[in-house]
Each structure stands twice: as C-alpha cells, then as structure tokens.
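# Residue-level structure breakdown
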Amino acid sequence: MAAQLKRILQLNSSGADVDAEVVKEKNAQIGDDFSVEGVTVYQDANGAPVEQISPLGYHVGWYGILFLNVSQMVGTGVFSTPGSILRSLDSVGMSMMYWFFGAIIAAAALAVFFEYASLFPHRSGGQVVYLEQAFPKPAFLFATMYAFITVAFSFSLDISTAPRGLALAAYTLLAFFCLISNKWSLRLMNLISAVKLIILVFIAITGFVVLGGGTHIKDPHANFRNSFDGITNNANDIVSALVNINFAYTGYSNAFNVVAEIKNPMHTLKRVAPLSLIIVSILYILANVAYFAAVPAAEIRESGELAAAMFFEAVFGTKAAKGLPALIAVSAAGNIMAVIIGHSRMMRECARQGLVPWPHVWASTRPFGTPFAPTLLMWSLTVIVILALPFGDAFNFLVDLRSYPDSVFLFLMVVGIYFIRHRRKKEGLPPAAFRSWHIANIISAAVCLFILVMPWYPPDENDYSFWYATYCVVGIGLLVGCALYYFVWIKWLPKLKHYSIRTETVISDQDGSVSHRLRKVPNTEVEEWDRTHDEAGNVLFVAGATSSRQASSTTASTSRGCPG
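Below: a short report on this structure. In this text, all values refer to a predicted model and were calculated from it rather than measured experimentally.

Further remarks concern the overall build of the chain. Along its length, the chain carries 21 helices and 8 strands. Scored against the burial criterion, the 564 residues of the chain give a buried share of 57%. Sequence-distant contacts, at least 24 apart, represent 80% of the contacts inside the chain between residues at least 6 apart. Total accessible area on the chain stands at roughly 23,600 Å², and carbon and sulfur atoms take up 63% of it.

Here is the structure:
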C-alpha cells in the first residue's frame, strides 16, 4: 500500500524538471523540422510557435493523465446532479440511461481530441490549439473568440456547495500549490483524486449491499420497477438533462491541456485517457444505482438536498450523513486543482498566440517554473465570484452559459477535422497517426447541434426566475461580440490607420518561453517586413538567392525561428 501511494505521488516516476539555460538554448534553435515520437509535426505558421522543450517541465506521467481527467470529471456533480436530471426527465430508467449516453458522447468527443493530438503532440492547451490549426483563416478569428471565452470563464464552477469563507480559503490554498510547483501540485492532486475514487467505490459497494437486502431499506428495488414510465416529451427538459450530463463528464479531455508536458504523449494518452473515462462512467452509473436503491425517486426529485446526502442519511442515519460535506469537499478540492492545472495551460497558450496584452507575461513560467500569471488571474476571478455572486440562479446560469460556447467550439473542432484532412491531402502531407471515426464525429456534431438548438423550445416549468433562454442569447451575444471586436482590431483599424498586423516570434531571455507578438507594421514598411520575415514571424537574412533564419536580440526578448 505504501509503495503504491508513493508511485501515485511520484506520477509513476516520470517527473522531470528542466534547466532554464537548456530551455533557452533549445528553444532558440532555428530549423524547419520538429518531431515528436519520431513523427514530423507540421503546423500553420499563424499558430503559436513551437517550444522544442517545455519550460514547464515534464511532470505528467500516466498517473497524472488519469487523475487530471478523473479529477475534473468527478467534482460535486455526481453528488448533486442526479436530482436535477430526474426532475428534467421524470423517469428513473431514462435518468440511468443518460449517464450511459454521457459516457458514449464523451468517448466520441475523445476520439476527435485524439486525432488533433496526434497531429500536434508538441502543443498544450487543447481546444485553443486545435481551433487555431483547424481554422487558420481568417487569421486569429476563432483563436480570438476562444481566448476571450477562456479568460472570461477562468473561475472555478465547483465551489457552490461550500460556505463562502471556506470556499475562499480552500481555493486560495489549492491555487497556492499550483503557483509554486508543478510537481507538487500534480502530486497533491493525484492523492486527492485517489481518495475521491475510494469514496465513489464505497458508495457503489454500499449500493450493492442495499440491493442485496443487507440494510434496513425495505424495498430497494422499488425505483427500478416500471422505471421508464412518465418520461418527459418536452425538448427543453431533455436538453437540460443533457447539459447536466455533459457538465458531469467535463474533464474527459483535460489531459490534452498538458500534452507538451508528457513524454511520448500519444503513446501514453491513447492508453490512459480512455481508461479514465471508463472508470468514471462505471462509478457514475453505480453511484446512481445506489442512490435509487436507497431513496424513493419522488424524494430525490422534489427535495432540494443532494442525492448523496439523502443516500447517506437513508443508509447510515442522520449522524453519518453529517460527514458527507467533508467527502464532497475532498472531491471538490481535486476538481479545483485539475481545473487550475488544465485551464492555466489553455490561458498560457492563448497568450503564446499573441492574442492577449503582454503575451510574454502570460506565457512566462517565472519565478517558479509554473504558469504564474494565468493561475493568479484564475484565483482573482474565482475570488470575485465567491464574494460577489449569489449562488442559485446566478450560478446555474453561468454553468448553462459556459456550455453554449463550449458546444459551438466542439462543433467547430469536428468540422475542422475534415478541413485539416483536406488541406494535408492537398499539400501531400501524411494523414494523422490516429483518425477519428466518422461515427464519432457525427455523434459529437449532432449532440452539439442538439444542445445549441433545443434550449429555445419552451420548458414545462422554468427553473430560472428569468426567461429560460437567456443564457442562449447571452452566449450568442458573447461570440458575436468577439467577432465584432476581431474585425475592428484586425481589419477595420489597420485599414483606417494604414498599417498591417504581422506576427513576430519572440523568446524570453529569462525562461526560454516562446510566444508570438502581434506587430503593427506601417503599410509603407510591409514589403520590407515580408521580405525579411517568414509567415511565422521569424527573421530571415537574405543573401543573394539563398536565405537563412537567425535569432536577433531585443531588450526583453529575442526574435527567433521556429518550425512553420
């Protein structure tokens, strides 16, 4: 047991720090070829430049991948979501089926992520990278939209069950670990995640004991008789339950946010990421079986209590149920750490694209070798949410609001897969090492469209104190606003002020982190800029008929070459 715990803490002994001088030297190298696991990587020049060595180190082993996914999926949702899903569907049987459907939907989307990761195994950040590469034109459009949504929603959503003071203290402590050490934040997350899996296993085993008549529950099979009677036919309720299920499975792709920190990423991801989804889906279904075996469906549907709280009270008594908040706190803590670790890499990648002010600050790993600025911003926004936002309608609204652009981005990722395949075939490039199945792409796209369209249908009962489709309108408004900002920033202002936007690749002289900087080049100088720089913003030195790329120094950073 002690040896196994040590292995969990040590991430399967795969952790590795990197020397800043080595990072600077390697990342300053200029070349056309970059390979991962022996496979040459090709990416669009407008994408964030390649980091030959990750300044964040290589601390993510297979335990890390497993628990990054598990911890984000298993937050507080499995303890509370069953009640809201039952209220939406009015059927125990269909509620159980939805947890199975959620696993299938997540598995289909996981296949899409695998294809992207096989094409770009050198880039962390997940969706932000994949949208950037799938839609290189109009340059920066989809990356700008994603960057805004990522930053705006960079607060934690798994804090609603704790008192404000406790939530603030806990989040601050967990964020502090993520600020000061990649290695130890991952190890702590692994330990917490192992504990939360034990909790779910305990609930599942208890459910079997209840079903076998080993407790005082009189009729544990009552909820499973005629369990498909009374299924709702309201489209809004059906999609509401689907949104809740998707939220419960959010995290199946979290490990793709740290791909650049994994040695042999595709080899490891292909084995561990599906395993994490299988483990969680089985435990989700068994936990729901346990809830419905111990508590009458009508009580779960009508009560405002957590389904897990009612389960513990029914099986173990009121005194034992008082210990549930501590178990939920452990689960929430693991979720928070997984979100901070994954989301901070997404924000760092947005910065490396040059789409946020002072990109070198957000991309920097100083002073602790961690994504310091993104983590600090996440902490700040979460503190504001904890202190200023009333839980209830406002919190549920934010959950639904975030799901709307998420569905848009996932749909675009599915469509983008076919665009990339077409471009690579046209350019004579080899196909992806892993190709997502057409059926998986169809399922992912169909679910996204369903979530985007059906919420406009009026529900039988409105769960909000305001118009039921408000979050849809706001979600669309945010995306349209981002698009308008993009056209003003990239198209209209340059035309009005007679300059053009060009990318410049820069390397930090402090930690070797590499990013793009968007430069406003006067139209009178554009021809010279294009003659002396390639499309990725690397400096070209032209001599006769030949040209070469070479790094040149600036005050705070260095223009450098990277694979195009």
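This part takes up the packing of helix H9 (residues 182-211) against helix H11 (residues 265-294). Running from amino to carboxyl end, H9 crosses H11 at an angle of 45°, the nearest separation of the two axes being 8 Å. It follows from the interaxial angle that H9 and H11 lie oblique. At the point where H9 passes H11, the crossing takes the left-handed sense. Facing H9, whose interface residues are Leu 197, Leu 200, Val 201, Ile 203, Ala 204, Gly 207, Phe 208, Val 210 and Leu 211, H11 presents Ile 279, Leu 283, Leu 286, Ala 287, Val 289, Ala 290, Tyr 291, Ala 293 and Ala 294. Split into classes, the residues belonging to the contact of H9 with H11 amount to 17 nonpolar, 1 polar and no charged.

Attention now moves to the packing of aromatic side chains. All chains considered together, the criterion is met by 28 aromatic pairs. Measuring from centroid to centroid gives 6.0 Å for Phe 113 and Tyr 252, while their planes differ by 85°, and the two rings are edge-to-face. Taken as a pair, Phe 113 in helix H5 (residues 92-119) and Tyr 252 in the loop between helix H10 (235-249) and H11 lie far apart in primary sequence, 139 residues in all. Seen from their ring centres, Phe 311 and Phe 312 are 5.6 Å apart, and the 85° between their planes marks the pair as edge-to-face. There is no split in this pair, since Phe 311 and Phe 312 are both buried. One residue, Arg 187, lies across the ring of Trp 184, its end atom 4.7 Å from the ring centre.

This paragraph deals with the pattern of salt bridges. Applying the stated criterion across every chain yields a total of 13 salt bridges. Glu 504 is paired through a salt bridge with Arg 519; the nearest N and O atoms lie 2.7 Å apart. Separated by 15 residues along the polypeptide, Glu 504 in strand S3 (residues 499-508) and Arg 519 in strand S4 (residues 514-522) bring together distant segments of the chain. The class of Arg 519 is partly exposed, set by a relative accessible area of 32%. What emerges from the salt-bridge pattern is a single network uniting Arg 123, Glu 132, Glu 349 and Arg 352.

In this section: helix H19 (residues 438-453). Because the α-helix completes a turn every 3.6 residues, residues three or four places apart line up on one side. Its 16 residues place the ends of H19 22 Å apart at the C-alpha level, agreeing with the 22 Å of an ideal helix rising 1.5 Å per residue. Among all positions of H19, only Ala 440, Asn 441, Ser 444, Ala 445, Val 447, Cys 448, Ile 451 and Leu 452 are buried. Buried residues of H19, viewed axially, fall in a sector of 160°; they line one side. Set apart from the buried face of H19 by more than 90 degrees, the exposed residues are Ile 439, Ile 442 and Val 453.

Interaxial distance between helix H4 (residues 77-89) and H10 falls to 8 Å at its minimum, and their mutual angle equals 160°. Relative to H10, the element H4 lies roughly antiparallel. As for how H4 packs across H10, the hand of that crossing is left-handed. Across the interface between the two elements, Thr 81, Ser 84, Ile 85, Ser 88 and Leu 89 from H4 touch Asp 237, Ile 238, Ser 240, Ala 241, Asn 244 and Ile 245 from H10. Its residues assigned to classes, the contact of H4 with H10 shows 5 nonpolar, 5 polar and 1 charged.

Turning next to unusual backbone geometry. Along the chain, Lys 137 connects to Pro 138 via a cis peptide bond; the corresponding omega equals -5°. Here the bond from Arg 366 into Pro 367 is cis, since omega is 5°, no more than 30 degrees from zero. Mapped onto the elements of the fold, Pro 367 is located in the loop between helix H16 (359-363) and helix H17 (372-388). Located in the positive-phi region is Asn 264, a residue other than glycine, with phi close to 50°. By the secondary structure assignment, Asn 264 is in the loop between H10 and H11. Taking relative accessible area as the criterion, Asn 264 reaches 46% and is therefore assigned partly exposed.

This model, assessed by the stated rule, comprises 4 cavities of 30 Å³ or more. The computed volume of the largest cavity comes to approximately 1,000 Å³. Taken together, 45 residues line the largest cavity, and the ones lying closest to its centre are Gln 72, Asn 246, Thr 250, Gly 251 and Asp 406. In terms of residue count, the dominant contributor to the lining of the largest cavity is helix H18 (residues 393-426) (6 residues). The residue inventory of the lining of the largest cavity, partitioned by class, reads 21 nonpolar, 21 polar and 3 charged. One number sums up the size of the second largest cavity: a volume of about 80 Å³. Contributing to the lining of the second largest cavity are Asn 46, Glu 132, Phe 135, Pro 136, Phe 140, Ala 143, Gln 353 and Leu 355.

Here Asn 244 shows up in helix H10. With near-sequence residues (within four places) excluded, Asn 244 lies in contact with Thr 81, Ser 84 and Ile 85.

There is a patch of nonpolar side chains on the surface, built from Met 97, Phe 100, Phe 101, Ile 104, Phe 228 and Ile 231 and spanning about 500 Å² of accessible area. Here Met 97 is to be found in helix H5.

Turning to the environment of Ala 103, a few remarks are in order. With respect to the helices and strands, the residue Ala 103 is situated in helix H5. Taking C-alpha positions, Ala 103 is 9.0 Å from Ile 245, a pair spaced 142 residues apart along the chain. Ignoring anything within four residues of it in the chain, the contact list for Ala 103 reads Tyr 249, Leu 277 and Ser 281.

Quick notes on the rules
- Residues numbered from 1 in each chain as written.
- Predicted model: local features only at pLDDT ≥ 70, side-chain atom pairs only at ≥ 80, totals over all residues.
- Heavy atoms only, no water.
- Helix = DSSP H or I, 4+ residues; strand = E, 2+ residues; numbered from the N terminus.
- Buried < 20%, exposed > 50% of the residue type's maximum accessible area, 1.4 Å probe, protein only.
- Contact = heavy atoms within 4.5 Å.
- Areas by Shrake-Rupley, 256 points an atom, 1.4 Å probe, with all protein chains shown as cover.
- Axes fitted to C-alpha atoms, helices over the stretch in contact; angles between N-to-C directions.
- Parallel < 35°, antiparallel > 145°, perpendicular 65-115°, else oblique.
- Left-handed = near helix turned anticlockwise from the far one by under 90°.
- Nonpolar A, V, L, I, M, F, W, Y, C, P; charged D, E, K, R; others polar.
- Phe/Tyr/Trp six-rings, centres within 6.5 Å; stacked < 30°, edge-to-face > 60°.
- Lys NZ or Arg CZ within 6 Å of the ring centre and 35° of its normal.
- Salt bridge = Lys/Arg side-chain N within 4 Å of Asp/Glu carboxyl O.
- Expected span 1.5 Å × (residues − 1).
- Arc of directions from axis to C-beta.
- 1 Å grid on protein atoms, 1.4 Å probe; cavity = no way out; pocket = protein on both sides within 12 Å on 5 of 7 lines; lining within 4 Å.
- Points joined across faces, edges and corners; volume = space filled by probe spheres on them.
- Patch = residues over 30% accessible without salt bridge, like charges linked within 9 Å, V, L, I, M, F, W, Y side chains within 5 Å.

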